[in-house]
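Below, each chain spelled out in residue letters.
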Amino acid sequence: MKVHVDMEKCQHYGQCVFEADDVFSLGDDGKLVYKADVDDSRRSDVESAVDVCPMQAITVE
Amino acid sequence: MKVLIVGAGLAGLRSAESLRGVGFAGEITIVGEEPHFPYNRPPLSKDALANGLTIADLEFKRRESIADVTWIFNDSAISTDYQKQNVLLDSGRLESFDVLVAATGIRPRRLKVPGAEKSKFSLRNFMEAQELRASMLGARKMVIVGAGFIGCEIAATARKLGIDVAVVAADPEPMFRPLGAEFGRAMRRRHEAHDVSFHMDAKIAGYLGGDSATGVSLESGEEILGDLVVEAIGSLPNTEWLAGGELDLQDGVLVDSSMRATAPSDLSVYAVGDVARYAFDLFDSTPRRIEHWNLPTETGRRAGKSIAHFLTTGEVLAEPVNFVPSFWSDQYDDNLQSFGILGIADSIKVVEGDLMGDCVVEYLRGDNVVGVVGVNTSAKLAPYRKRFQEIN
């Protein structure tokens, strides 16, 4: 599946990191880093990350 | 089999999605008092006030799986008949249920003092945000009653719009109850650096002005003037419609770890989101009603799973509550973020930076870290949530 984060919206809260830390992480500078191509087996956790994003900035295809 | 969800906010939405996610194929009806699908409330005190967002900007994406849910808008629950298993709505409509989910959230607590009736605002829903913004755009000075997170966020937004701000509150420091005196004082200084004036330990005697409020008078005799007044003095859980049964409604709806209402009989009533009170098992066994961002999602998910489990096995899902409360707040260019339950701590420890700058602050109960707050340090807070899930 394809993961996309709208970096215009993202405020780097890192709530997504707690749902799927193999997909989302915060760098030392506090900025969000994420994987765009993710195995379908991770769908449930990635959808949880979509849910908890305060800015609703994450989309999954 | 019909699940009736009363409340069309985030917790109601997540409950419905969770029910479908675990394979519940029965009927789902959601009743909401506003004319809107579930939307994101945190921006109401920030972006929506500063920039005038539309409801389309705020609406949550709704999953395909809940496309067949029946939505009833502009209606609210008045009373519940637990024997006949139905809820009376304000419109006169009766909605039956096999399982009832209370997701009615909270409403702003209002001041009960005499005086002017207009130019007084509160902020919880989209309409209130629109009304407040319209009034703020014509204002030179405003009074904010209450110095919690909402009050402080409104203050920061107002300063961004060039409005003079006076904050009046009963507590000794802003955000006193969650953050404590020391951190609260530091937050006050950040606001004072943006020219917000504070009147703390103050008791409001009444509203000034004739028809429209022109400020508030304090019991000390002092008068604080402004073109409008916003009340941000906390909230009350919307539980009146559940009265008359066996539920414990002392402060929200008391539920167990499956989000099922605690009652002598089998009532098949669940509560989720801000209206639910339950024990956070990672911390202690005292039921608490906590209004933090992630909990409507956590409790909604749990309720969906529990309901499906009960309907298929006839047994209550026994899983401890492993939610770690989390919130954030944006004030000026500062981003506060927190994990844990700050209110149960008896001391704080600054473990990085200092309270006036970027920092990480631990909240301790005895020797145990039970909460953490960071200012502009979200990346450093990540390990704490895992820690809470392991040690407390």
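In this report, we go over the structure that sits alongside the text.

## Points about the sheet that holds strand β5 (residues 86–89) of chain B
What links the strands of a sheet is backbone hydrogen bonding, and the strands pair in either a parallel or an antiparallel sense.
Residue and element names in this part refer to chain B.
Thought 1: Pairing within the open sheet is antiparallel, and its three strands lie in the order β4-β5-β6. The strands lining the two open edges of the sheet, one partner per strand, are β4 (77–81) and β6 (94–96). Strand-to-strand twist across the sheet, computed as the mean angle between neighbouring axes with direction ignored, equals 25 degrees.

## Looking at the pattern of salt bridges
If charged atoms from side chains of opposite charge come close, those side chains can pair.
Thought 1: Under the counting rule described, the total for this entry stands at 39 salt bridges over all chains.
Thought 2: Salt-bridge contacts for B:Arg260 lead to B:Asp266; the nearest nitrogen and oxygen are separated by 2.3 Å.
Thought 3: Residue classification places B:Arg260 among the buried positions, given a relative accessible area of 9%.
Thought 4: In this structure, a network of salt bridges that share partners links the residues A:Glu19, A:Asp40, A:Arg43, A:Glu47, A:Asp51, B:Arg14, B:Glu17, B:Arg63, B:Arg301 and B:Arg385.

## Regarding the side chain of B:Thr29
Residue and element names in this part refer to chain B.
Thought 1: When you line up the elements, threonine 29 lands in strand β2 (residues 27–31).
Thought 2: Judged by relative accessible area, threonine 29 falls into the buried class, the value being 2%.
Thought 3: In this view, threonine 29 contacts Lys2, Val3, Leu4, Ile5, Thr70, Ile72 and Glu95; residues no more than four positions away in its chain are not counted.

## Looking at helix α7 (residues 181–192) of chain B
Thought 1: With 12 residues, α7(B) extends 16 Å between its outermost C-alpha atoms, agreeing within 8% with the 16 Å of an ideal straight helix rising 1.5 Å per residue.
Thought 2: Among the residues of α7(B), B:Phe183, B:Gly184, B:Ala186, B:Met187, B:Arg188, B:Arg190 and B:His191 are the ones counted as buried.

## Description of the sheet that holds strand β18 (residues 253–254) of chain B
All names here are of chain B.
Thought 1: If you trace the three strands from one edge of the open sheet to the other, you get β18-β20-β21, paired in mixed fashion. Lying at the two open borders of the sheet, with one neighbouring strand each, are β18 and β21 (287–288).
Thought 2: Sheet analysis places strand β20 (residues 276–279) next to β21, joined by two bridges and oriented antiparallel. Paired with alanine 279 across the strands is proline 287, a residue of β21.

## Side note on unusual backbone geometry
Residue and element names in this part refer to chain B.
Thought 1: Its identity is not glycine, yet asparagine 74 carries a phi of approximately 55 degrees, on the positive side.
Thought 2: The residue asparagine 74 is located in the loop between β3 (70–72) and β4 in this model.
Thought 3: Here asparagine 74 falls in the exposed class, since its relative accessible area comes to 54%.
Thought 4: Residues other than glycine seldom take positive phi values, yet methionine 175 does so here, at roughly 50 degrees.
Thought 5: One can find methionine 175 in the loop between β11 (164–168) and α6 (176–179).

## Section: the interface of chain B and chain A
Thought 1: The interface is formed by 20 residues belonging to chain B together with 19 residues belonging to chain A.
Thought 2: For the pair chain B and chain A, the two sides together bury roughly 1800 Å², of which 44% comes from carbon and sulfur.
Thought 3: Counting the surface chain B buries against chain A, the share from its top three residues, B:Lys61, B:Arg63 and B:Arg301, is 27%.
Thought 4: Across the contact surface, chain B and chain A share seven salt bridges.
Thought 5: Summed over the shared surface of chain B and chain A, the result is 13 residue pairs in polar contact (both at pLDDT 80 or more).
Thought 6: For the side of chain B that touches chain A, the secondary structure elements donating two or more residues are α1 (10–21), α8 (295–313), β22 (326–331), β23 (334–340) and α9 (378–391) of chain B.
Thought 7: If you tally residues by element for the side of chain B that touches chain A, the top one is α9(B), at five residues.
Thought 8: For the side of chain B that touches chain A, the class distribution of residues is six nonpolar, six polar and eight charged.

What counts, and where the lines are drawn
Residues numbered from 1 in each chain as written. Chains lettered and ligands numbered in written order. Predicted model: local features only at pLDDT ≥ 70, side-chain atom pairs only at ≥ 80, totals over all residues. Heavy atoms only, no water. Pairing = 2+ DSSP bridges. Helix = DSSP H or I, 4+ residues; strand = E, 2+ residues; numbered from the N terminus. Axes fitted to C-alpha atoms, helices over the stretch in contact; angles between N-to-C directions. Salt bridge = Lys/Arg side-chain N within 4 Å of Asp/Glu carboxyl O. Buried < 20%, exposed > 50% of the residue type's maximum accessible area, 1.4 Å probe, protein only. Contact = heavy atoms within 4.5 Å. Expected span 1.5 Å × (residues − 1). Buried area = accessible area lost by both parts, 1.4 Å probe. Polar contact = N/O pair within 3.5 Å; in protein donor to acceptor, adjacent residues only side chain to side chain. Nonpolar A, V, L, I, M, F, W, Y, C, P; charged D, E, K, R; others polar.

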